[in-house]
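A closer look at the structure
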Amino acid sequence: MIVDFHCHIMPPEFAGRHDELSRRDATYASLFPDGAGRIADAETLLKAIDLADIDHAVAMGFGWTDPEIAAAANDYLIASATTHPDRISAFASVNPAWGDAAVAEAQRCLDAGAVGIGEIHADTQGIDICDKDVMQPLMDLLAGMGLPITVHASEPVGHVYPGKGQTTPDKLLQFVSHFPENRIVLAHLGGGLPFYAAMPEVGRALSNVWYDTAALPYLYDATAIAASVTTAGADRVLFGTDYPLLGHRRVMDGVRAAGLDPHDVDAILGGNASALLFGPKNA
């Protein structure tokens, strides 16, 4: 089973609301500054994964800042997963800065069928990912349900791109250390954090963390996957594309070009995600 752990879809009507969404939501404005960004809905996602021979996709929210926009997007993600339960799973997006309202929206979405929370974009959502008090209520909810959270990660070096932000490995390590009981997925190979897992104390602190390959060819060459497998373990890497930013085949080919053991390739392309999504919640 091949699982794309990191895709994005939005309600079709969002496509005609660029100016409004940009005014109302800081994350949208950051990710789509000129209105030319790629936007997909559930039907285009299903066609794309069919063409790429992918069995299942996880549709993520963005780190919305406007509660009404977040709720509308979350409803669409959950409806898409409910309509296509064998093909799509939904993560819901909330802003931890909303406090009790964030927990209430997360609970509503999880009760309705979402299987995790994310993507969190700390920079545009105006939160300090290192502030335990800000993150604690949401993380407690997820820990109690055994469900994962996906957090956008930023590389401290390299080129600038829309939405990159400053959520770098040093901050993410501090965040993770606060919540050892949670299942945490750091997008975009954790901004490079898995490379530091070769340090024994860092590796121990990251025992509850996974890393997805979303947008990988835009950020690294295939050696980054092999390096992450060496330092963090093949069981901690999840195939993700960031579709529609990048096509599925391009990222999948990067995983397969990393020179890994075939068993590790199978784990990255789907086995790890299947265990995280569909396995025992307390495993």
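Going along each chain's sequence as written, the residues are numbered from 1 onward. Under the rules for a predicted model, residues below a pLDDT of 70 receive no local features and side-chain atom pairs below 80 are neither given nor counted, while totals for whole chains, interfaces and linings still include all residues. As a rule here, side-chain values cover all heavy atoms of the structure and leave hydrogens and water aside.

Observations regarding the state of the cysteines
Note on terminology: pairs of cysteine sulfur atoms within 2.5 Å are recorded as disulfides. Enumeration over the complete set of coordinates arrives at zero disulfides. Free cysteine: Cys109, not disulfide-bonded; nearest cysteine sulfur from Cys7 at 18 Å. Classification of residues uses two cut-offs on accessible area relative to the type maximum, computed with a 1.4 Å probe and protein chains only: under 20% is buried, over 50% is exposed, and between them is partly exposed. On the accessibility criterion, Cys109 (0% relative accessible area) is buried.

Structural notes on the side chain of Ser154
Helix and strand assignments come from DSSP, with helices taken as H or I runs of at least 4 residues and strands as E runs of at least 2, each series counted from the N terminus. Of note, Ser154 is situated in the loop between β5 (148-151) and α8 (169-178). Leave out the neighbours within four places in its chain, and Ser154 touches Asp123, Lys164, Gly165, Gln166, Thr167, Thr168, Pro169 and Gly191. Residue contacts are counted whenever heavy atoms from the two residues lie within 4.5 Å of one another.

With respect to the sheet that holds strand β2 (residues 56-60)
By the convention used here, strands pair only if DSSP detects at least 2 bridges between them. The eight strands are arranged β1-β2-β3-β4-β5-β6-β7-β8 in an open sheet whose pairing can be described as parallel. Here the strands that pair on one side only, and so sit at the sheet edges, are β1 (3-8) and β8 (237-238).

Things to note about the environment of Asn95
Along the chain, Asn95 turns up in the loop between β3 (88-92) and α5 (100-112). As a C-alpha pair, Asn95 and Tyr243 span 148 residues in sequence and 22 Å in three-dimensional space. Setting aside residues no more than four positions away along its own chain, Asn95 makes contact with Trp64, Thr65, Ala102, Gln125 and Ile127. Engagement of the side chain of Asn95 in a polar contact is seen with the backbone oxygen of Gln125, the distance being 3.2 Å. Residues adjacent in sequence count toward polar contacts only when both atoms are side-chain atoms; beyond that, a polar contact is any pair of N or O atoms within 3.5 Å, and within protein one must be able to donate a hydrogen and the other to accept it.

Geometric values such as these leave the question of function open.
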